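Geometric and topological summary
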Amino acid sequence: MTDYNIIKKARVFRNRVSFRLFKDKYKYQADTKEYGSFHVHIVCLDVNKSWILGKFALKMKECLEAMGITVTVGENRDERADVNHHIAYMNVKERLNDRTTVMVTHVDSQFKLDIIKRQTGQGAMEVCMSKETMDRLTREGVDRKKLCYINPAHDGIIKPKKFVLGITHRNYPDHRKNPNMIVDICEQINPDYFCFKIMGGGWDEIVEKIRALGFETEYYPDFDYDTYVKLIPSLDYYIYYGFDEGSMGYVDALAAGIGTIVTPQGYHLDAKGANSYYGETVRDFVNILDQILYEREKNIASVADWTWEAYAYKHLEIWHYLTKRKELGEILKNRSHYMDGIFSVLIQDIRV
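Attention here is on the structure that accompanies the text. Keep in mind the model is a prediction, meaning the values are calculated, not measured.

Parameters and conventions
Residues numbered from 1 in each chain as written. Predicted model: local features only at pLDDT ≥ 70, side-chain atom pairs only at ≥ 80, totals over all residues. Heavy atoms only, no water. Helix = DSSP H or I, 4+ residues; strand = E, 2+ residues; numbered from the N terminus. Contact = heavy atoms within 4.5 Å. Areas by Shrake-Rupley, 256 points an atom, 1.4 Å probe, with all protein chains shown as cover. Pairing = 2+ DSSP bridges. Axes fitted to C-alpha atoms, helices over the stretch in contact; angles between N-to-C directions. 1 Å grid on protein atoms, 1.4 Å probe; cavity = no way out; pocket = protein on both sides within 12 Å on 5 of 7 lines; lining within 4 Å. Points joined across faces, edges and corners; volume = space filled by probe spheres on them. Nonpolar A, V, L, I, M, F, W, Y, C, P; charged D, E, K, R; others polar. Phe/Tyr/Trp six-rings, centres within 6.5 Å; stacked < 30°, edge-to-face > 60°. Buried < 20%, exposed > 50% of the residue type's maximum accessible area, 1.4 Å probe, protein only. Lys NZ or Arg CZ within 6 Å of the ring centre and 35° of its normal. Right-handed = clockwise from strand over helix to strand, strands pointing away. Polar contact = N/O pair within 3.5 Å; in protein donor to acceptor, adjacent residues only side chain to side chain. Disulfide = S-S within 2.5 Å.

Comments concerning the overall build of the chain
Secondary structure assignment for the chain yields 11 helices and 12 strands. Restricting to contacts in the chain with at least 6 residues of sequence separation, those with at least 24 account for 61%. Of the accessible surface of the chain, which amounts to about 18500 Å², a share of 50% is contributed by carbon and sulfur atoms.

In structure tokens, the structure reads:
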């Protein structure tokens, strides 16, 4: 099997817990006999009808098969498989063993906690969706050696929308509202992330320029009140860079709960408690937009490696540990790239 390159490329916090491997102290001993293909059986009720749980089963099957693993899916256990993985713990009816993993989610009653304790008592490894749940179950008396967590995955299909920046004032010949400033700003930001909605006369030439720079621009040259009251709530940020006491659009944007990026002057400063960004120069406004974009990118990056491939691979590492099909050194090769999966198992043989 190839290295898990996607995880290795992701920017994540490093697990700095040191560990040593002393072969003479191993309790874990890999079984060195020759094996055929690794067979994982996923137990899931109504797999093609269940929206979320069925998706977990089918996505895992797809990704594991791409890794060369033999995968079957059914409503009952298959004792011929190397590992049975149950989705989810509330649906388990059969007796389990130490080559079983069980997906855990939504533990919100003593009844459900008792189910988990019974399953771990039979030898099953419970796979939580978060560290918080794993730690809470430990505090409730579940055997820590039988708990781990693997963060859930997303499809990577839903993409962030562009930030919609709004301008709602006329453009005057005397340049009192610094109309060309928007062109200078657009030359320093990325049209892949920002677009505009503009209402007001006199913007034709500037709209043409920013469109030429690649920015989607919805333009209304004539003021229409009904359109205006729909336009303001559709914005992400209202932007204004004039120095003539203030913009009424700023007031309406705040009333609509819309973010604002404006100059620090006039009644802009009298809206106490408003969470506005203030700027005076082109560089100020570019820096503000870069900051806003950076905050979004942090959100995106926080789950960038929560892929279905990662989700399936982390289960596979745990299964290799449970079945002793691989040496610990090989199982733990991704040590510095994530903290869930095999690294959330309390492996007393190697922890310092």
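Focus: the sheet that holds strand β6 (residues 147-149)
Pairing within the open sheet is parallel, and its 6 strands lie in the order β2-β1-β3-β4-β5-β6. At either end of the open sheet lies a strand with only one pairing partner, and these are β2 (70-74) and β6. Between one strand axis and the next, the sheet turns by 25 degrees as a mean value, whatever way the strands run. When strand β5 (residues 125-128) meets β6, the two strands line up parallel, connected through 3 bridges.

Some thoughts on the layout of surface pockets
Approximately 450 Å³ is the volume attributed to the second largest pocket. Lining the second largest pocket we find 21 residues, and of these Ala153, His154, Asp155, Gly156 and Ile158 sit closest to its centre. Among the elements of the structure, α2 (52-66) and α9 (282-302) are those that each provide at least two residues to the lining of the second largest pocket. Its residues assigned to classes, the lining of the second largest pocket comprises 13 nonpolar, 5 polar and 3 charged.

Considerations on the packing of aromatic side chains
What characterises a pair of aromatic rings is the spacing of the ring centres plus the angle enclosed by the ring planes. Counted by the stated rule, this structure contains 10 aromatic pairs. Relative to Phe215, the ring of Phe196 has its centre 5.8 Å away and its plane inclined at 65 degrees; by these criteria the two rings are edge-to-face. Taken together, the positions of Phe196 in strand β8 (residues 194-199) and Phe215 in the loop between α6 (204-212) and β9 (217-220) put the pair 19 residues apart, joining distant regions of the chain. There is no split in this pair, since Phe196 and Phe215 are both buried. Each ring, one from Phe223 and one from Tyr228, has its centre 5.3 Å from the other, and the planes form 50 degrees; the classification is tilted. When its relative accessible area of 57% is taken as the criterion, Phe223 is described as exposed. Linked through ring pairs, Phe163, Phe194, Tyr237 and Tyr277 together constitute an aromatic cluster. Between the NZ or CZ atom of Arg296 and the centre of the ring of Phe163, over which it lies, the distance is 3.7 Å. For the cation-ring pair, Lys314 lies above Tyr338, with the distance from its terminal atom to the ring centre recorded as 4.7 Å.

Describing the pairing of strand β11 (residues 259-262)
On a regular strand, each side chain points to the face opposite its neighbour's, so the side chains alternate between the two faces of the sheet. Judged from the 4 bridges that link them, strand β10 (residues 237-240) and β11 form a sheet pairing that is parallel. Paired with Tyr238 across the strands is Thr260, a residue of β11. Handedness of the β10-helix α8 (residues 248-255)-β11 crossover: right-handed. For β11 and strand β12 (residues 277-278), the ladder comprises 2 bridges, and the chain directions are parallel. Considered in β12, the bridge of Val262 is made with Tyr278.

Some remarks on the side chain of Lys314
One can find Lys314 in helix α10 (residues 308-323). At a separation of 2.9 Å, a polar atom in the side chain of Lys314 contacts the side chain of Asp340.

So, the environment of Val102
Within the secondary structure, Val102 sits in strand β4 (residues 100-103). Since its relative accessible area comes to 0%, Val102 is described here as buried. With residues up to four places along the chain from it excluded, the contact list for Val102 reads His85, His86, Ala88, Tyr89, Val92, Leu96, Gln119, Ala124, Met125, Glu126 and Val127.

A look at the sheet that holds β11
The 6 strands lie next to each other as β9-β8-β7-β10-β11-β12, forming an open sheet whose pairing is parallel. Every interior strand has two partners, whereas the edge strands, β9 and β12, have only one. Against the sheet, α6 contacts β8 and β9, and its axis sits at roughly 170 degrees relative to β9.

Details of the state of the cysteines
Joining two cysteines, a disulfide is a covalent bond between their sulfur atoms. On inspection of all chains with the given rule, the structure shows 0 disulfides. For Cys148, which is in no disulfide, the shortest distance to another cysteine sulfur is to Cys128 and amounts to 7.0 Å.

Examining unusual backbone geometry
A cis amide bond, omega 0 degrees, links Ile87 with the succeeding residue Ala88. For Asp46, which is not glycine, the phi torsion reads 50 degrees and is therefore positive. Tracing the backbone shows Asp46 in the loop between β1 (39-44) and α2. A residue is classified by how much of its surface remains accessible, and Asp46, at 44% relative accessible area, is partly exposed. One non-glycine residue, His106, lies in positive phi territory at about 60 degrees. Its place among the elements puts His106 in the loop between β4 and α3 (110-121). The exposure class assigned to His106 is exposed, which follows from its relative accessible area of 61%.

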